[in-house]
Amino acid sequence: MITCFIRYHIDPTKKAAFQEYARNWGVAIPRCGADLIGYYAPHEGSSTLAYGVYNMESLAEYEAYRARLMNDPLGRENYLFAQKEKFLLREDRTFLKLASS
(Lines give C-alpha, C1' and ligand atoms only; values in the text may rest on other atoms or scores of the structure.)
Protein backbone atom coordinates (compact mmCIF):
# COMPACT_ATOMS: atom_id res chain seq x y z
CA MET A 1 0.00 0.00 0.00
CA ILE A 2 1.25 3.49 -0.84
CA THR A 3 -0.17 6.83 0.22
CA CYS A 4 -0.18 9.82 -2.08
CA PHE A 5 0.18 13.16 -0.32
CA ILE A 6 -0.56 16.18 -2.50
CA ARG A 7 0.55 19.53 -1.16
CA TYR A 8 -1.13 22.47 -2.83
CA HIS A 9 -0.16 26.11 -2.66
CA ILE A 10 -3.39 27.96 -3.28
CA ASP A 11 -4.41 31.55 -3.84
CA PRO A 12 -5.71 32.53 -0.38
CA THR A 13 -8.38 34.73 -1.95
CA LYS A 14 -9.81 31.67 -3.73
CA LYS A 15 -10.21 29.28 -0.81
CA ALA A 16 -13.89 28.69 -1.68
CA ALA A 17 -12.88 27.55 -5.18
CA PHE A 18 -10.41 25.07 -3.66
CA GLN A 19 -13.15 23.76 -1.36
CA GLU A 20 -15.41 23.15 -4.37
CA TYR A 21 -12.49 21.41 -6.12
CA ALA A 22 -11.97 19.23 -3.03
CA ARG A 23 -15.67 18.27 -2.83
CA ASN A 24 -15.59 17.23 -6.50
CA TRP A 25 -12.55 15.01 -5.87
CA GLY A 26 -14.45 13.56 -2.91
CA VAL A 27 -16.80 12.01 -5.48
CA ALA A 28 -14.50 11.33 -8.44
CA ILE A 29 -11.45 9.87 -6.67
CA PRO A 30 -13.23 6.98 -4.89
CA ARG A 31 -15.33 6.29 -8.00
CA CYS A 32 -12.11 5.87 -10.01
CA GLY A 33 -10.56 3.43 -7.53
CA ALA A 34 -8.46 5.24 -4.94
CA ASP A 35 -9.06 5.07 -1.20
CA LEU A 36 -9.55 8.77 -0.44
CA ILE A 37 -8.53 9.82 3.05
CA GLY A 38 -9.47 13.43 2.44
CA TYR A 39 -8.82 16.91 1.11
CA TYR A 40 -7.86 19.60 3.59
CA ALA A 41 -8.24 23.36 3.13
CA PRO A 42 -6.49 26.05 5.18
CA HIS A 43 -8.17 26.83 8.47
CA GLU A 44 -5.66 28.28 10.94
CA GLY A 45 -2.04 29.20 10.36
CA SER A 46 -1.00 29.21 6.71
CA SER A 47 -3.68 30.50 4.37
CA THR A 48 -1.96 29.09 1.30
CA LEU A 49 -1.32 25.40 2.08
CA ALA A 50 -3.87 22.68 1.37
CA TYR A 51 -3.58 18.89 1.10
CA GLY A 52 -5.10 15.87 -0.57
CA VAL A 53 -4.37 12.34 0.72
CA TYR A 54 -5.34 8.94 -0.67
CA ASN A 55 -4.13 5.33 -0.70
CA MET A 56 -3.34 3.06 -3.64
CA GLU A 57 -2.20 -0.54 -3.80
CA SER A 58 0.87 0.26 -5.94
CA LEU A 59 2.37 2.75 -8.37
CA ALA A 60 1.11 0.55 -11.23
CA GLU A 61 -2.42 0.81 -9.84
CA TYR A 62 -1.91 4.57 -9.49
CA GLU A 63 -1.19 4.83 -13.23
CA ALA A 64 -4.38 2.89 -14.07
CA TYR A 65 -6.34 5.07 -11.61
CA ARG A 66 -5.02 8.27 -13.24
CA ALA A 67 -6.21 7.03 -16.65
CA ARG A 68 -9.68 6.32 -15.21
CA LEU A 69 -9.74 9.74 -13.56
CA MET A 70 -8.91 11.48 -16.84
CA ASN A 71 -11.81 9.65 -18.51
CA ASP A 72 -14.24 10.40 -15.69
CA PRO A 73 -16.61 13.29 -16.58
CA LEU A 74 -16.32 14.93 -13.14
CA GLY A 75 -12.55 14.36 -13.11
CA ARG A 76 -12.12 16.12 -16.45
CA GLU A 77 -14.47 18.90 -15.38
CA ASN A 78 -12.54 19.42 -12.15
CA TYR A 79 -9.18 19.68 -13.95
CA LEU A 80 -10.68 22.29 -16.28
CA PHE A 81 -12.24 24.14 -13.33
CA ALA A 82 -8.81 24.44 -11.65
CA GLN A 83 -7.20 25.69 -14.86
CA LYS A 84 -9.95 28.23 -15.48
CA GLU A 85 -10.13 29.60 -11.92
CA LYS A 86 -6.33 29.55 -11.33
CA PHE A 87 -6.55 28.93 -7.59
CA LEU A 88 -3.78 26.29 -7.63
CA LEU A 89 -0.40 28.03 -7.63
CA ARG A 90 1.67 24.88 -7.08
CA GLU A 91 1.01 21.16 -6.66
CA ASP A 92 3.53 18.64 -5.28
CA ARG A 93 2.91 14.88 -5.09
CA THR A 94 4.80 12.54 -2.78
CA PHE A 95 4.24 8.80 -2.45
CA LEU A 96 4.99 7.27 0.94
CA LYS A 97 4.72 3.86 2.60
CA LEU A 98 3.53 3.47 6.17
CA ALA A 99 6.58 2.69 8.28
CA SER A 100 5.06 2.51 11.76
CA SER A 101 3.08 -0.72 11.47
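Numbers given to residues run from 1 along each chain, matching the order in which its sequence is written. Whole-chain, interface and lining totals are the exception, using all residues; otherwise, since this is a predicted model, local features are given only for residues with pLDDT of at least 70 and side-chain atom pairs are given and counted only at 80 or more. To obtain the side-chain values, all non-hydrogen atoms of the structure were used and water was disregarded.

### Examining the side chain of Thr 3
The line we're drawing: Put simply, DSSP marks the helices as runs of H or I at least four residues long and the strands as runs of E at least two long, and each gets a number from the N terminus on. A 3.5 Å cut-off defines polar contacts: any pair of N or O atoms within that distance qualifies, except that in protein one atom must be a possible hydrogen donor and the other a possible acceptor, and neighbouring residues in sequence count only when both atoms are side-chain atoms. Contacts are residue-level and defined by heavy atoms, with any inter-residue pair within 4.5 Å sufficient.
Turning to its location among the elements, Thr 3 is positioned in strand S1 (residues 2–10). Here the side chain of Thr 3 touches Asn 55 through a polar contact of 2.5 Å, side chain to side chain. Contact partners of Thr 3, with chain neighbours within four places excluded, come to Ile 37, Val 53, Tyr 54, Asn 55, Thr 94, Phe 95 and Leu 96.

### So, helix H3 (residues 73–85)
The following threshold applies: Expected span, for any helix, means 1.5 Å times one less than how many residues it has. Categorising residues by exposure relies on relative accessible area from a 1.4 Å probe, with only protein chains included: less than 20% of the type maximum marks a residue as buried, more than 50% marks it as exposed, and the intermediate range marks it as partly exposed. Within this analysis, the arc is defined by the directions that extend from the helix axis to the C-beta atoms.
The end-to-end C-alpha distance of H3 is 18 Å, a good match for the 18 Å that 13 residues give at a rise of 1.5 Å each. Taken together, the buried positions of H3 are Leu 74, Gly 75, Asn 78, Tyr 79, Phe 81 and Ala 82. For H3, the angular spread of buried residues about the axis comes to 160 degrees, placing them on one side. Those residues of H3 that are exposed and aimed more than 90 degrees away from the buried face are Pro 73, Glu 77, Leu 80, Gln 83 and Lys 84. On its buried side, H3 packs onto helix H1 (15–31), helix H2 (59–71) and strand S4 (88–96). Looking at where H3 begins, the residue whose side-chain oxygen comes 3.1 Å from the main-chain nitrogen of Leu 74 is Asp 72.

### Here's the deal with the environment of Asn 55
Note that Asn 55 resides in strand S3 (residues 49–56). Here Asn 55 falls in the buried class, since its relative accessible area comes to 14%. Here the alpha-carbon distance between Asn 55 and Arg 31, two residues 24 residues apart in the chain, equals 13 Å. Ignoring sequence-local partners within four residues, the contact set of Asn 55 consists of Met 1, Ile 2, Thr 3, Ala 34, Asp 35 and Ile 37.

Keep in mind that these numbers describe shape and distance, not what the molecule does.
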